[in-house]
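# Inside the fold
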Amino acid sequence: MRGRWWALALMLIGWMAALPAVAGQLRLDGEPVQGALLTGHVAPASATVRFAGREVRVADDGTFVIGFGRDAERRETLVAEWADGSRVRREMSVARRHYRIQHIDGLPTRTVSPDEDALKRIRREVAMVREARRRNDPRADYTSGWRWPVTGRITGVYGSQRVLNGEPRRPHYGVDIAAPRGATVVAPADGVVSLVHDDMYYSGGTLLIDHGQGVSSAFLHLSRITVKEGERVRRGDPIAEVGASGRATGPHLDWRMNWFDRRVDPTLLVPPMPGG
């Protein structure tokens, strides 16, 4: 009888000792906050990771990435599961942010309240961008590090509520950087060009770069695009020039980022703006 109790005790001790090891197989770098893009690591890489109702792609080395939208819920759940049935569930409390209200006046009426023909064009262009953002390549180019695509005065911030010509509109999902027309825009991280369009209704010259596993950057209001769809770019490579095309009141770059359909804040990834 004593032998059986000893056997059960040893099994229990072994099971309890294994718990920290299993938990240690899942790591998440950074703090969950609205607008954040967080990189994680799971070992072994054969694990299945789920977050926000989707299975998250995991790179061969176990790297993965997740994103929190502007209005992310207070709690999010990340789950990793292995073939042997072991499982880790990470409950995250998402920090909330307070967003500015930004008034922009002097915009042409047609860009604020487009007619039916313009709306048809806008829907087609939105569909093109949405399709590009659906890409789920195995590359983890987002780990190359991040830099500002252009330097200048920040004139618009992520998440701010836009009031255009006195009318409340959708929030702004990027960061606006004032720069001279023709200033060089560079790739903020490694990636592959996934969309090039010279003249979209709202965003004018528009360029998207896919950084892998659902992470993408968009560059709006460009005067010139110097790369082609499918082209591989490295962090710091010239990709375009600043302009004032589309719905813009002056030359600037609107830099936006997504994790699939979740819009994230680029400024959480880069150092402070030089000279800012």
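All figures in this text were calculated on a predicted structure; none of them were measured in a lab.

### Observations regarding unusual backbone geometry
That bond from A43 to P44 is cis: its omega, -5°, falls within 30 degrees of zero. Checked against the element boundaries, P44 lands in the loop between β2 (37-42) and β3 (48-51). The backbone of Q213 sits at a positive phi, close to 55°, despite the residue not being glycine. Following the sequence through the fold, Q213 ends up in the loop between β15 (204-212) and β16 (215-225). The residue H221 is not glycine, and still its phi comes out positive at about 70°. Mapped onto the secondary structure, H221 falls in strand β16.

### Describing the pairing of strand β19 (residues 252-259)
β19 sits mainly inside the fold: 8 of its 8 residues count as buried. Residues of β19 alternate between two faces, with H252, D254, R256 and N258 on one and L253, W255, M257 and W259 on the opposite face, all of them buried. The pairing of strand β12 (residues 174-178) with β19 spans 5 bridges and is classified as antiparallel. Across the sheet, residue G174 finds its bridge partner in β19, namely R256. Relative to β19, β16 runs antiparallel, the two being bridged by 6 bridges. Within β19, the residue paired with V215 across the bridge is W259. Both β19 and strand β20 (residues 262-264) contribute to a ladder of 3 bridges, which runs antiparallel. Bridge pairing in β20 links N258 to R263. Hairpin remark: β19 followed by β20, antiparallel, with 2 residues in the connecting loop; positive phi at F260, about 55°.

### Things to note about the nonpolar core
By size, the foremost hydrophobic cluster in this structure holds 53 residues, and its most contacted members are F64, I66 and I239. Listed in part, the 7 residues of the second largest apolar core include A132, L195, L208 and A218.

### What about the confidence of the model for the protein?
Averaged over all residues, the pLDDT of the protein is 89; the fraction at 70 or higher stands at 88%. Between residues 5-21, whose pLDDT stays under 50, and residues either more than four places distant or in other chains, the model counts 0 contacts.

### A short note on the pattern of salt bridges
Applying the stated rule across the entire model yields 19 salt bridges. Here R27 makes a salt bridge to D29, at a shortest N to O gap of 3.1 Å. When its relative accessible area of 37% is taken as the criterion, D29 is described as partly exposed. One salt bridge in this structure joins R134 and E131, with 2.6 Å as the shortest N-O distance.

### Some thoughts on helix α3 (residues 116-133)
Here α3 contains 18 residues, and its C-alpha end-to-end distance of 26 Å stays within 8% of the 26 Å for a straight helix at 1.5 Å per residue. Looking only at α3, the buried set comprises A118, I122, E125, V129, A132 and R133. Taken down its axis, α3 places every buried residue within 95° of arc, on the same side. Along α3, exposed side chains directed more than 90 degrees from the buried face belong to D117 and R124. Lining the buried residues of α3 we find β14 (191-200), β15, β16, β19 and β20. Its side-chain oxygen placed 3.3 Å from the backbone nitrogen of D117, D115 serves as the N-cap of α3.

Conventions we followed
Residues numbered from 1 in each chain as written. Predicted model: local features only at pLDDT ≥ 70, side-chain atom pairs only at ≥ 80, totals over all residues. Heavy atoms only, no water. Helix = DSSP H or I, 4+ residues; strand = E, 2+ residues; numbered from the N terminus. Buried < 20%, exposed > 50% of the residue type's maximum accessible area, 1.4 Å probe, protein only. Pairing = 2+ DSSP bridges. Core = buried A, V, L, I, M, F, W, Y, C linked by side-chain atoms within 4.5 Å. pLDDT = per-residue confidence, 0-100. Contact = heavy atoms within 4.5 Å. Salt bridge = Lys/Arg side-chain N within 4 Å of Asp/Glu carboxyl O. Expected span 1.5 Å × (residues − 1). Arc of directions from axis to C-beta. Polar contact = N/O pair within 3.5 Å; in protein donor to acceptor, adjacent residues only side chain to side chain.

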